[in-house]
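# Chains, contacts and geometry: an overview
This is what each chain is made of:
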Amino acid sequence: MSEAPTGSRESSTTDPGPEHARITPPKTWAAGVPAVAQAIGYSLAETSPRNTARNLLDLNQTKGFDCPGCAWPDPEPGERAVNEYCENGAKHTNDDATTRRITPEFFARHPVSELARASDRWLNQQGRLTHPMVKRPGSDHYEPVDWHEALGILARELRSLDSPDEAVFYTSGRAGNEPAFVLQLFARALGTNNLPDCSNLCHESSGTALHETLGIGKGDVSLADLHHADLVLTLGQNPGSNHPRMLSALEETKRRGGTIVAVNPLPEAGLMRFKNPQKPRGVVGRGTNIADQFLQIRLGGDLALFQALNLLLLEAEEAAPGTVVDRAFVEARTEGFEKFADHLRRTVSWPEVLAATGLTRAQIEELRDRVLASERTVVCWAMGLTQQKHAVPTIREVVNFLLLRGSVGRPGTGVCPVRGHSNVQGDRTMGIWEKMPQSFLDALEEEFGFKPPADHGLDTVDSIRAMKEGRIKVFLGLAGNFVRATPDSEVTAEAVRRCRLTAHISTKLNRSHTVCGETALILPTLGRSERDCQSGGEQFLTVEDSMSQVHASRGHLEPASKHLLSEVAILTRLARRTLGDQVAVPWEEFEADYGHIRERIARIVPGFHNFNARVTKPGGFGLPNPVNDGVFPTPSGKAQFTCNAFTALSAPAGHLLLQTLRSHDQWNTVPYTMNDRYRGIHGSRRVILVNPHDLRELGLSDGDLVDVASVWRDGIERRAEGFRVVPYSTPPGCAAAYYPETNVLVPLDSTAEGSNTPTSKGIVVRLEPRPADAGPPREARASDREAPASDRSRPEGR
Ligand SMILES: Nc1nc2c(c(=O)[nH]1)N[C@H]1C(S)=C(S)[C@@H](COP(=O)(O)OP(=O)(O)OC[C@H]3O[C@@H](n4cnc5c(=O)[nH]c(N)nc54)[C@H](O)[C@@H]3O)O[C@H]1N2
Ligand SMILES: Nc1nc2c(c(=O)[nH]1)N[C@H]1C(S)=C(S)[C@@H](COP(=O)(O)OP(=O)(O)OC[C@H]3O[C@@H](n4cnc5c(=O)[nH]c(N)nc54)[C@H](O)[C@@H]3O)O[C@H]1N2
Ligand SMILES: [Mo]
């Protein structure tokens, strides 16, 4: 238990290599006392005891701030614990509230080319950004700049573009509603819909599939639905690490007699057993068994599983008509049932299903029986489903399953895409999307009197393609770490370096500040837990959780530096500098009092009427969900059954499928420590988890060092070097390694059909034994290849 959070900021700029990995048996339960102790340990290493206490008491309370971690909803105000947070939420919070600072002297000491070689963890550990900084063309150093000049540089570049479509504006789901609304308004007033976001890398496949089938891009489940479900399926998610508070909801489902089925290639600790740190029995007892059935599925096997399950249900209906399919619901509220049923009867092949899933027919029949015993079923899912080539048809098939049983829109039923970033759903609601519906654009026009561009903009992958071709000159990031979150790291880095200017509104230093355009700007901003004072008084932000509840978030700590501006202030000032009085938007009023922004949101975004008044109520308010009001807002007004072509993943002989996932101790692109406690990995992240049988077949043994090469039709060799092989319980042919170290292996053009989301959970790789005399792995040698922008010859055509 005594894995101290990693050391001081003086520690090595590179991460411990694979030879430092120490492997222990994976845990079979999650949370509980060690988890809380870990969080406090990390907090104290990052911040002062006083800040820790103050912060943690504010976290997720109605008068405090929203956890900057995941988007899992908070219980009703009366039902919240005093400590309404999880171990990881506490870590994310205190990572923001760190007392370490990065000052201009830091940048004077460290050239950009050196920082570009430092590990993600080291960059993050250096502390909070304190001053606006600029890296000028030809220079290898960031130097301090005042806000007026920084925003002037950016405004000048934006004004000098041949077309506004030469700029892209990226948003990460940490940003609150108000800055997100201002950013999309500015981009559209400038004349572009180039508004890629982290959702393009995340739940885009869910949005696409749900829009097509149910007419809404979001889930329709509340915490109460989960508690009251007879059966909850959790697919492709690791809640013990990524949505720890979800375990409390699942515990409640079980307490009320519900059943849980987990579908995952890995026996994740949180899916197995849970000890609730909020309850005395969680501290001393055995905890609650979570999954009643665990289906250890092959990567990408979920479409096959649901097609087989749906066929079994159709057959059960034939055997006992009127007992399985919710006929009344299907006839009144849906379309396409007969075609769908016919399609499955004709196409499902059991040998293919068993090969694709790695499951037995008996396991799938057991699942069918659980479904038949359930009146109310909820399906939850995350990245295991969305980051596959056939993610969209997979999620459509999950919807077929629920529609068949009439398990949508009723209490205790529904679709639950479990969102990642705390406000990723809200950012979308605010218009951060490269293809917002025309109704939204029309509402903007009516409110502000300018015509937003109608053509769709670029999503994240298309933005990189455009950068690669030299079509993008200016990149602005509102939070996030574009260079590290995106696939094909080397290709992306080269693409980003072609930009004339890259600018980031950030709290912490990350790789995107160091792999940058000819000119680069760091625009430091307030964190969630900090006081936000403007000329109109103290401000708060609002966020929307994974279950469409909108509420206020208010920080109380002193800002990390007196030079910080809020995200809203940065964006509104930039808009004024760039657009002058070209559009009738009261940017200054927006900056002074965010209530003015919310007034406009109230008039533009459905469900936000009387926003300012309703959001001050403890717990905020829920957005209307047409599906729960009995309406499917599809073109025909009915939910759609779909016919999905069978697809599975396979790897040629001698190859494996690789998924890239999160450890317990990281927040997306930022590893906090080198440990992944529940999976028994300690000391190094350069590990690859492989089925023991595969290891034997490949002639490898526990502890061997390998390079991982990805195999893709474009013939380009992508390599991630220096990984320790770890035998692990994962289906044959299916390996796992950490993101973002392995993003270099995900080809830019390998994306999900229909959503363009990188296939981060299904890439074909080859393991190559690493010669003992191979020297440091390529990641550590990045300097050789990543010449600083200053001494690189300019690409053609610039
Ligand atoms: N502590 C912490 N919390 C986080 C984050 C974080 O980085 N750290 N990130 C946040 C964000 S942005 C997001 S999107 C969420 C992500 O939450 P998750 O989706 O839980 O994140 P991943 O680590 O990507 O894990 C994917 C899970 O899917 C499984 N899986 C992989 N491929 C398949 C498949 O083909 N089928 C099935 N059925 N399962 C599969 C993996 O074994 C793993 O358990 O977490 C959010 N919360
Ligand atoms: N291979 C692979 N790639 C993946 C994934 C995967 O599973 N596998 N997952 C994908 C997913 S689901 C996602 S969501 C993306 C995540 O992609 P991003 O959202 O782009 O990345 P983050 O790591 O969350 O961004 C962290 C940075 O955000 C900044 N930040 C933090 N808080 C704030 C704040 O309050 N305000 C501002 N302005 N800045 C702040 C800090 O500077 C910090 O360094 O990655 C994707 N990439
Ligand atoms: Mo995400």
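Structure first, text after, so check above.
Residues numbered from 1 in each chain as written. Chains lettered and ligands numbered in written order. Predicted model: local features only at pLDDT ≥ 70, side-chain atom pairs only at ≥ 80, totals over all residues. Heavy atoms only, no water.

### Section: the sheet that holds strand E16 (residues 474–478)
Across the sheet, six strands lie side by side as E6-E5-E18-E17-E16-E7; this open sheet has mixed pairing. The open sheet terminates on both sides in strands that have one partner only, identified here as strand E6 (142–144) and strand E7 (167–171). Each neighbouring strand pair of the sheet contributes to a mean axis angle of 15 degrees, computed without reference to strand direction. With six bridges joining them, strand E17 (residues 501–506) and strand E18 (residues 519–524) adopt parallel strand pairing. Opposite Ser506, over in E18, you have Pro524 as the bridge partner. (Pairing = 2+ DSSP bridges. Helix = DSSP H or I, 4+ residues; strand = E, 2+ residues; numbered from the N terminus. Axes fitted to C-alpha atoms, helices over the stretch in contact; angles between N-to-C directions.)

### What to know about the environment of Ser489
Take Ser489: it is sitting in helix H26 (residues 489–497). A residue is classified by how much of its surface remains accessible, and Ser489, at 11% relative accessible area, is buried. When residues no more than four places from it in sequence are discounted, the contact partners of Ser489 are Arg484, Asn743 and Val744. (Buried < 20%, exposed > 50% of the residue type's maximum accessible area, 1.4 Å probe, protein only. Contact = heavy atoms within 4.5 Å.)

### Here we look at the site of ligand 1
As a structural note, the neighbourhood of ligand 1 is formed by 32 residues, with Asn264, Glu268, Asp302, Gln666 and Asn668 the closest of them. Val263 places a main-chain nitrogen or oxygen 3.1 Å from a nitrogen atom of ligand 1. Gly300 is positioned such that a nitrogen or oxygen atom in its backbone is 2.7 Å from an oxygen atom of ligand 1. Relative to its free-state accessible area of 930 Å², ligand 1 is covered by the protein chains to the extent of 99%. Among the secondary structure elements, those contributing two or more residues to the shell around ligand 1 are helix H3 (87–96), helix H11 (239–242), helix H20 (383–386), strand E25 (656–661) and strand E26 (666–667). Among the residues making up the shell around ligand 1, the classes are represented as eleven nonpolar, 17 polar and four charged. (Near = heavy atom within 4 Å. Polar contact = N/O pair within 3.5 Å; in protein donor to acceptor, adjacent residues only side chain to side chain. Areas by Shrake-Rupley, 256 points an atom, 1.4 Å probe, with all protein chains shown as cover. Nonpolar A, V, L, I, M, F, W, Y, C, P; charged D, E, K, R; others polar.)

### A closer look at the nonpolar core
Residues Leu154, Leu158, Phe169, Leu476, Leu523 and Trp587 are the most contacted members of the largest nonpolar core, which totals 66 residues. Counting residues per element, this core draws most heavily on helix H8 (residues 177–190), which supplies nine residues. In contact with Leu523, other than residues within four places in its own chain, are Trp147, Ala150, Leu154, Leu476, Ala503, His504, Ile505, Ser506 and Ile570. Counting residues in each nonpolar core, the second largest holds 52 residues, with Leu309, Phe337, Val392 and Val408 among its members. (Core = buried A, V, L, I, M, F, W, Y, C linked by side-chain atoms within 4.5 Å.)

### Focus on the site of ligand 2
Around ligand 2, the structure places 29 residues, and the nearest of them are Tyr170, Ala485, Glu567, Thr669 and Tyr739. Contacts to ligand 2 include Asn510, whose side-chain N or O atom sits 2.8 Å from an oxygen atom. A class-by-class count of the residues in the shell around ligand 2 yields ten nonpolar, 14 polar and five charged. Split by domain, the shell around ligand 2 shows at least three residues from each of two domains, domain 2 (130–200 + 423–622) and domain 4 (656–775). (Domains from an automatic or database assignment.)

### Description of unusual backbone geometry
In this model, Tyr739 is joined to Pro740 through a cis peptide bond whose omega is 5 degrees. By the secondary structure assignment, Pro740 is in the loop between strand E32 (734–738) and strand E33 (763–769). One non-glycine residue with positive phi stands out, namely Ser548, at about 65 degrees. Structurally, the position occupied by Ser548 is in the loop between strand E21 (541–544) and strand E22 (549–553). With a relative accessible area of 7%, Ser548 lands in the buried category.

### Observations regarding the packing of aromatic side chains
In total, this model carries 16 aromatic pairs according to the counting rule given. Judged by centre distance (5.9 Å) and plane angle (85 degrees), the rings of Phe608 and Phe621 are edge-to-face. With Phe608 in the loop between helix H30 (594–604) and helix H31 (611–615) and Phe621 in strand E23 (residues 621–622), this pair connects stretches of sequence that are 13 residues apart. Of the two residues, Phe608 and Phe621, both sit in the buried class. (Phe/Tyr/Trp six-rings, centres within 6.5 Å; stacked < 30°, edge-to-face > 60°.)

### Things to note about the sheet that holds strand E14 (residues 377–381)
Here five strands make up an open sheet; going across it, the order is E12-E9-E8-E14-E15 and the pairing parallel. Strands with a single pairing partner mark the edges of an open sheet, and in this sheet they are strand E12 (293–295) and strand E15 (414–417). Strand after strand, the sheet turns through a mean of 15 degrees between neighbouring axes, direction not considered. Bridge analysis of strand E9 (residues 259–263) against E12 gives three bridges, and the strand direction is parallel. The partner of Val263 across the bridge, within E12, is Leu295. Sheet strands touched by helix H9 (residues 204–214): E14 and E15. Its angle to E15, the strand with the most contacts, is close to 160 degrees.

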